[in-house]
Amino acid sequence: MTLSILNPVHILSVVIWVGGMFFAYMALRPAAISTLEPPLRLQLWRQTFKHFFPWVWAAIITLLVTGFWMMFGFFGGMAGSPIYIHVMMGLGLLMMAIFMHIYFAAYKRLKLAVDAEDWPEGGKRLNQIRILVGVNTLLGLLTIVVATAGRYFV
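Residues numbered from 1 in each chain as written. Predicted model: local features only at pLDDT ≥ 70, side-chain atom pairs only at ≥ 80, totals over all residues. Heavy atoms only, no water.

Applying the stated criterion across every chain, the model contains 15 aromatic pairs. Seen from their ring centres, F52 and F53 are 6.4 Å apart, and the 45° between their planes marks the pair as tilted. Measuring from ring centre to ring centre gives 5.1 Å for W57 and F99, while their planes differ by 75°; the resulting arrangement is edge-to-face. Of the two residues, W57 is situated in helix 2 (residues 38-74) and F99 in helix 3 (residues 83-115); the sequence distance between them amounts to 42 residues. According to the relative accessible area criterion, W57 is partly exposed, its value standing at 22%. Looking at F99, the relative accessible area reads 2%, which means it is buried. These aromatic residues form a ring-pair network of at least three members: W17, W45, F49, F52, F53, W57, F99, Y103, F104 and Y107. The side chain of R29 reaches across the aromatic face of Y25, ending 5.6 Å from its centre. (Phe/Tyr/Trp six-rings, centres within 6.5 Å; stacked < 30°, edge-to-face > 60°. Helix = DSSP H or I, 4+ residues; strand = E, 2+ residues; numbered from the N terminus. Buried < 20%, exposed > 50% of the residue type's maximum accessible area, 1.4 Å probe, protein only. Lys NZ or Arg CZ within 6 Å of the ring centre and 35° of its normal.)

See below:
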């Protein structure tokens with residue numbers, strides 16, 4: 001496979017994941033807070049995550065496959081990769097670890113709370129997810145800067 005295929009697929013995966021988080025944090029969250037009571041807001045977020053998280057999983061798998069393929073196929077492995085590629089990969093792996101915590105811990109607890117109509121607990125879990133998504137959004141934006149401008153910093 002060539003860079004002309006791998007690189008756009010890699011970038012599209014980033015756009016889906018980071019763009020989705022940016023939209024959720026900067027647009028959907030304020031709209032939900034201003035228009036919905038907590039029970040409806042929590043149900044909205046449960047359903048939103050249900051539909052968004054499979055896309056995140058697909059993006060993660062795609063990023064790993066295309067990223068390592070490009071690293072080993074075109075840069076000659078880790079030793080041949082420029083430092084900005086290592087930084088990009090490290091930030092991406094950190095983002096993936098944070099997402100896995102969101103998915104396997106906080107989101108699981110959010111689903112249980114919403115299903116049980118335990119709104120205070122659901123609110124706590126949603127706030128935990130909000131903080132982690134905020135961190136991941138910032139990391140994602142930083143990763144984009146490193147990926148696109150990193151070669152010029154060296």
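Next, the rest of the story.
This part takes up empty space enclosed by the protein. Enumeration according to the criterion identifies one cavity of 30 Å³ or more in this entry. Every residue along the wall of the largest cavity is listed here: W17, G20, M21, A24, F49, F52, F53, V56, F99, I102, V133 and N136. Counting residues per element, the ones that place at least two in the lining of the largest cavity are helix 1 (3-35), helix 2, helix 3 and helix 4 (119-153). Class assignment of the residues belonging to the lining of the largest cavity gives a composition of ten nonpolar, two polar and no charged. (1 Å grid on protein atoms, 1.4 Å probe; cavity = no way out; pocket = protein on both sides within 12 Å on 5 of 7 lines; lining within 4 Å. Points joined across faces, edges and corners; volume = space filled by probe spheres on them. Nonpolar A, V, L, I, M, F, W, Y, C, P; charged D, E, K, R; others polar.)

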